[in-house]
Amino acid sequence: MSRPAKVVINLSALRHNFSRIRTIAPDSRVMAIVKADAYGHGLVRIAQSLEQADAFGVACLEEARELRQAKIQQRIILLEGPYSGEELTKISQLGLDMVVHDLSQVEMLEQNQLNKPVCIWLKLDTGMHRLGFSPDLASEALARLEQSAGVKEIRLMTHLASANNREDPMTRKQLQCFSQFNENMSLEKTIANSAGILAFPDAHVDWVRPGIMLYGVSPFSDSNGSQEGLKPVMTLQSKLITVRALKAGDPVGYGATWRCPEDMSVGVVAAGYGDGYPRHAESGTPVLVNGKRVELIGRASMDMLTVDLRSQSQAKTGDPVVLWGEGLPVEEVANHAGTIPYEVLCAVHKRLKFEYGEA
Ligand SMILES: Cc1ncc(COP(=O)(O)O)c(C=O)c1O
């Protein structure tokens, strides 16, 4: 038997989530966010399975090139724009769109002669203060872009900082700032990430930009994907590779951080932080053994972790284990590890086998 840890990707769940986005935002086109290897799910396979997407959002030229090499025809947007003038030529050759968030990128467009002009998504900073032009500078950037021979079309975008907290007044302020800026403009616009799509219908506008919800995961801390009508796309599976009968007081794992409170059986699962399982997951983090919940005990190590089998006296070597996904929301695991599901999904290690199917 080869190492049993594997990632199972459910492509019909992905399509379900995509159609849920279409239902929620029926008048918007969808830019599916597939950066960071499609949040750990596999860039090309995910993009190939999203034939319905109107565009894909990526972080860098390398990701965009991989998609073009796989014959992905849709619009592809570099969400951080070019990092240098040399990249600009390649962006034009590959027929990519790019975000412009900084005057240095406007200068690149002015100074480089392109055979094919490119489509621009001008980014306005409406309060997040990460990327984008303040409204004053955005007017100047827009005027210069409109004059630039390298520019084919211009769209407007902004990014929401706190839409995952429905009550936070910041989103309203950002929406106001954005609409004030483009009041008399007929340019296409995009605002909403997953939280914006789910919680702020007036942020849908021309294009929506879902990431995490495509993968079946809630952007909110007070719900999970299925409560938002989504299905998990990724399941991390493995097996018990041994079952130990331990005595009361026996320590388990590195640092002996957990001791058996009584004579009990402990299962060892072939999955650990070397696979992307979060090392900071605390004792008590749920794990499914034979489809039933048990608890992680002790520290996860590189290739293995240990579970409390007191509720499963029949469990034996070879029994199936789910670390997250189908039947066990990754949101819960992330919570127990003091992180967010985005990080857990992105950290899944490429040494794992990936199986793509239509479960
Ligand atoms: C510019 C931009 N738009 C959309 C998204 C998608 O966000 P989410 O995964 O929360 O839907 C991201 C992700 O970080 C992003 O950077």
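Rules used throughout
Residues numbered from 1 in each chain as written. Predicted model: local features only at pLDDT ≥ 70, side-chain atom pairs only at ≥ 80, totals over all residues. Heavy atoms only, no water. Core = buried A, V, L, I, M, F, W, Y, C linked by side-chain atoms within 4.5 Å. Buried < 20%, exposed > 50% of the residue type's maximum accessible area, 1.4 Å probe, protein only. Helix = DSSP H or I, 4+ residues; strand = E, 2+ residues; numbered from the N terminus. Domains from an automatic or database assignment. Contact = heavy atoms within 4.5 Å. Polar contact = N/O pair within 3.5 Å; in protein donor to acceptor, adjacent residues only side chain to side chain. Expected span 1.5 Å × (residues − 1). Arc of directions from axis to C-beta. Pairing = 2+ DSSP bridges. Near = heavy atom within 4 Å. Nonpolar A, V, L, I, M, F, W, Y, C, P; charged D, E, K, R; others polar. Buried area = accessible area lost by both parts, 1.4 Å probe. Salt bridge = Lys/Arg side-chain N within 4 Å of Asp/Glu carboxyl O.

1. Considerations on the nonpolar core
Formed by 107 residues in total, the largest nonpolar core has its most connected members in L109, Y277, L323 and W324. Sorting elements by how many residues they give to this core places helix α1 (residues 11–24) first, with five residues. Summarising the domain contributions, this core has at least three residues from each of domain 1 (11–219) and domain 2 (234–357). Residues in contact with L323, not counting those within four places in the same chain, are L236, Q237, S238, V269, A271, Y277, P286, V287, L305, L328 and V333. Listed in part, the seven residues of the second largest apolar core include W258, C260, M264 and I297.

2. Some points on the side chain of T158
Position of T158 relative to the elements: it lies in the loop between β7 (151–157) and α8 (170–181). Since its relative accessible area comes to 1%, T158 is described here as buried. Within the local environment of T158, its side chain forms a polar contact with the side chain of T126, the two groups lying 2.8 Å apart. Excluding residues within four positions of it along the chain, T158 makes contact with L124, T126, F178, T190, I191 and R209.

3. Brief notes about α1
For α1, built from 14 residues, the straight-helix expectation of 20 Å at 1.5 Å per residue is met to within 8% by its first-to-last C-alpha distance of 20 Å. Buried within α1 we find L11, A13, L14, N17, F18 and I21. The buried residues of α1 occupy one face: seen down the axis, they fall within an arc of 160 degrees. Where α1 is buried, its residues touch β1 (6–10), β2 (29–33), α3 (43–49), α9 (194–199), β9 (207–208) and β18 (353–357).

4. Here we look at the pairing of strand β16 (residues 305–308)
Burial of the side chains of β16 extends over both faces: L305 and V307 are buried on one face and T306 and D308 on the other. As judged from the four bridges shared by strand β13 (residues 264–269) and β16, these two strands associate in the antiparallel manner. Looking at the pairing, V266 lines up with D308 of β16. Note that strand β15 (residues 292–297) and β16 share three bridges and pair antiparallel. From the neighbouring strand, E295 faces β16, where its bridge partner is D308.

5. As for unusual backbone geometry
Its identity is not glycine, yet A256 carries a phi of approximately 45 degrees, on the positive side. A positive phi angle, close to 50 degrees, is found at N290, a residue other than glycine. Relative accessible area serves as the criterion here: at 30%, N290 is assigned to the partly exposed category.

6. Here's the deal with the site of the ligand
Taken together, 13 residues lie near the ligand, and Y39, S194, G211, I212 and Y342 sit nearest. The separation between an oxygen atom of the ligand and a polar side-chain atom of K35 is 3.0 Å. Side-chain polar atom of R209 to a nitrogen atom of the ligand: 2.9 Å apart, as the coordinates give it. Of the residues in the shell around the ligand, the class split is five nonpolar, four polar and four charged.

7. Examining the domain arrangement of the protein chain
Here the protein chain is partitioned into domain 1 (11–219) and domain 2 (234–357). Across the domain 1/domain 2 interface, buried area totals approximately 1100 Å², and carbon plus sulfur atoms make up 63% of it. Our count for the contact surface shared by domain 1 and domain 2 stands at one salt bridge. In this structure, D37 and K350 form a salt bridge, with 2.8 Å as the shortest nitrogen-oxygen distance. For the pair domain 1 and domain 2, the interface holds five residue pairs in polar contact (both at pLDDT 80 or more). Looking at the side of domain 1 that touches domain 2, the elements that each hand over two or more residues are α1 and α2 (35–39). Counting residues per element, the side of domain 1 that touches domain 2 draws most heavily on α2, at three residues.

8. Section: the pattern of salt bridges
One pass over the full model with this rule turns up 21 salt bridges. Residue D54 pairs with R22 through a salt bridge whose shortest N-O separation is 3.2 Å. Within this pair, whereas D54 is found in the loop between α3 and β3 (55–58), its partner R22 is found in helix α1, the two being separated by 32 residues in sequence. When its relative accessible area of 26% is taken as the criterion, R22 is described as partly exposed. Among the ionic pairs, D275 bridges to R351, the shortest N-O distance being 2.9 Å. Within this pair, whereas D275 is found in the loop between β13 and β14 (286–289), its partner R351 is found in the loop between α11 (341–346) and β18, the two being separated by 76 residues in sequence. For D275, a relative accessible area of 0% gives the class buried. Residue classification places R351 among the partly exposed positions, given a relative accessible area of 40%.

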